[in-house]
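# Architecture at a glance
Read off the chains here:
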Amino acid sequence: MKKKAGWMCIILIFCLLAGCSRQKAQELREEESKQQKIIQEEVAFDEPLPKDYKGTLTMWGWDVSYYRTITEAFQKLYPNVSFEYVSVEHKDLPQKYETALIVGGELPDIAWSVIDTRGEVFELDMWEPLEQAPYNFDISEVYEYLHPHMMNTKGNVCGIEQSLSPAGLAYRRDLAQKYLGTDDPGELEAMMPDWESFIEKGKEVYEKSGGKVYMWFSLGDIRQFTQEQQQAAWVSGKDIDVEKTFGRSLELVCRFRDEHISDNLIAWTPAWNAAMEGDEHIFTACATWSVKFTIESHDPEGGKTGRWGLMSAPEGNANWGGTAMGITKTCKDKRLAWEFLKFATLSTEGARALNSMGLMTTAKKPYEEEPELKSYKSNWFGAQDPGVYYMDKIIPNIKTRALTPQDGIIHNNLSLVSSALNGDKNISAQDALELLRTELSKELPDFNVY
C-alpha cells in the first residue's frame, strides 16, 4: 500500500507539473501573440520589422529550390521567423484554391500563381490588393512589361513576379558557325530579322547537313514562342477570334514541320533533354531560367567548351513562363507576409539570393544599387554574359499581352492542337484552326468563338 501511495504521489506531481507547463506555454503563446499584434499595429508597412520578430508563414508552391533559397536568405535577417511549405503541382493549384474557398478550408498566407492559369486564379476572391493601403505597392518599381501579368480585371495588383522570365533564342555556336557562317549574336540577328528569313536559312541548313540538322527542336516550342510574341489578349469581352489571334503561330508551326525547319521532339521529354547535348539542332527558346534548368542541366559537355550563345529572336522577344506571389485575405500575419514579399521580390538582398540561382529580380532598384546583379555568367556561354544580354538586349525588345480568365483553358487546347500537328503531317494550319474552334466552343459555350 505504501508503494502504491508513493506511485500515486509521483503521478500527481507529474500531472501538476504538466498542467503548469501547459499553462505556462499557453501564457507564452498569448504573450507572443499580443506582442506581435502590438508590433503589427505600430510598425508601418514601409518600415522594416524588428530583427527579433517572431512569426510563421505558410506557403503553397512547386519550386522547392526557389522556396529554400529565398526563405533561408530571409531567415538570415529574421532568424525567429519560420515557414511551413506544402508542395503542390502548379496545374493543381487553381482547383486547390477554389476548393478551399468553397468549403472554407485553409489557404496559405503566401500564395503562388503560374502564368498559364493566372488570369483565372487572380479573379478568385482570395488576394490582398497590394496597390492599396496598408501595402501601397507602386507597380512602377518593377519592369513595365510585367505589369499586365500582375493585375486582375479590376486593376488590383494580386501578386508580384518572383523573377524575370524574358526569352530570346539560345544557339549552338559551333553549329551556327558551320552552317550559317557566324556565331556572333549581332550578325545572326541581322541575318534573320523575321521568321521568313529564319525559315529560308533553315532550308539551307537542312540541305547542307544532308537532312541531319534542324534549326529548331520542338514544334510545341515554336508554337508557344510565336504565340507569346503577339501583344493582343486572347479574349476580347465575350469574343475569341481564333484565326486573328492564333492563325499566325499555327501557320508557322506547319511551315516549320513541312519545310524541315524543326524536329518533332516534345518538350521536357527524355529525348528533348538528351538532344541538348547532341549535334542535330541549332536554336531553342531560352528564358532566364532556361540557362540553368535546361541547358546547364542537360548538356554537361557544353560547360567545358562554352558552345552556347544567346540572341534576340526574329520579330521580337517574348515572356516565357513566370510565377507570381501574393498575400491571401485569410493570412494571419499580413505585416510579416508583406515583409517577406518585399524581400523576395523587391529588395537588393532578395536579388542577390535570386542571382545565386541564375534568376533575376523583377524590381529596378536593386540593379541601380548593385549593377553587378545584372550579370549571370555561365561556362556554357563562354565569354558572353547571358544576364547582361537579357537586361540590355532582350528585355527592351520584348512583347507581352494582358491575361484573361480563360487563358488556362485556351493553353490546354493549344497544347492539344500542337500534339495533333506534331503527330499527323496531313493536318494543315486551317485544320488546326478548325480543331481549336471546335474545342474552345465546347469548353467556353458562353463565348463567341469564330
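Located above this text is the structure these notes cover.
Please read these numbers as outputs of a predicted model, since none were measured by experiment. (Residues numbered from 1 in each chain as written. Predicted model: local features only at pLDDT ≥ 70, side-chain atom pairs only at ≥ 80, totals over all residues. Heavy atoms only, no water.)

## Points about the side chain of Asn152
- Checked against the element boundaries, Asn152 lands in the loop between helix H4 (118-121) and strand E4 (160-161).
- A polar side-chain atom of Asn152 sits 3.5 Å from the main-chain carbonyl oxygen of Phe122.
- With residues near it in sequence (within four places) discarded, Asn152 still touches Phe122, Glu123 and Cys158. (Helix = DSSP H or I, 4+ residues; strand = E, 2+ residues; numbered from the N terminus. Polar contact = N/O pair within 3.5 Å; in protein donor to acceptor, adjacent residues only side chain to side chain. Contact = heavy atoms within 4.5 Å.)

## Some words on helix H13 (residues 334-346)
- The first and last C-alpha atoms of H13 sit 17 Å apart over 13 residues, in line with the 18 Å expected at 1.5 Å per residue.
- Of all the 13 residues making up H13, 12 are buried; the element is thus mostly covered by neighbouring parts of the structure.
- When we look at burial in H13, the residues that qualify are Arg335, Leu336, Ala337, Trp338, Glu339, Phe340, Leu341, Lys342, Phe343, Ala344, Thr345 and Leu346. (Expected span 1.5 Å × (residues − 1). Buried < 20%, exposed > 50% of the residue type's maximum accessible area, 1.4 Å probe, protein only.)

## Side note on the packing of aromatic side chains
- Scanning the entire structure with this criterion turns up 30 aromatic pairs.
- With centroids separated by 6.2 Å and ring planes inclined at 80 degrees, the aromatic side chains of Tyr97 and Trp127 adopt a geometry described as edge-to-face. Here Trp127 lies in the loop between H4 and E4 and Tyr97 lies in helix H3 (residues 93-103), a separation of 30 residues in the sequence. You'll find Tyr97 and Trp127 in the same group, each marked buried.
- Here the aromatic cluster, defined as three or more aromatic residues joined through ring pairs, consists of Tyr171, Trp195, Phe198, Trp216, Phe225, Phe256, Phe283 and Trp320.
- Directly above the ring of Trp234 sits Arg401, whose terminal nitrogen or CZ lies 3.8 Å from the centroid. (Phe/Tyr/Trp six-rings, centres within 6.5 Å; stacked < 30°, edge-to-face > 60°. Lys NZ or Arg CZ within 6 Å of the ring centre and 35° of its normal.)

## So, the sheet that holds strand E1 (residues 55-61)
- An order of E2-E1-E3-E11-E4 is seen for the 5 strands of this open sheet, with the pairing classed as mixed. Only two strands of the sheet have a single neighbouring strand rather than two, namely strand E2 (81-87) and E4.
- Taken together, the 2 bridges between E4 and strand E11 (residues 323-327) define a ladder with antiparallel strand orientation. Following the sheet pairing, Ile160 is matched in E11 by Met325.
- Those strands touched by H13 are E1, E2, strand E3 (110-114), E4 and E11, and its axis lies near 155 degrees from that of E11. (Pairing = 2+ DSSP bridges. Axes fitted to C-alpha atoms, helices over the stretch in contact; angles between N-to-C directions.)

## Looking at the layout of surface pockets
- When its volume is computed, the largest pocket comes out at roughly 1,500 Å³.
- Taken together, the elements giving at least two residues each to the lining of the largest pocket come down to E3, helix H8 (219-228), strand E8 (281-287), helix H11 (288-298) and helix H17 (407-423).
- The dominant element in the lining of the largest pocket, judged by the number of residues it contributes, is H17, at 8 residues.
- Classifying every residue of the lining of the largest pocket gives 18 nonpolar, 21 polar and 9 charged.
- Taken as a whole, the second largest pocket encloses approximately 550 Å³ of empty space.
- What lines the second largest pocket is a set of 26 residues, and nearest its centre among them are Glu141, Lys342, Phe343, Leu346 and Ser347.
- Elements with a minimum of two residues in the lining of the second largest pocket: helix H2 (64-77), H13, helix H14 (348-355) and helix H15 (365-369).
- Ranked by the residues each element gives to the lining of the second largest pocket, the list is headed by H13, at 5 residues. (1 Å grid on protein atoms, 1.4 Å probe; cavity = no way out; pocket = protein on both sides within 12 Å on 5 of 7 lines; lining within 4 Å. Points joined across faces, edges and corners; volume = space filled by probe spheres on them. Nonpolar A, V, L, I, M, F, W, Y, C, P; charged D, E, K, R; others polar.)

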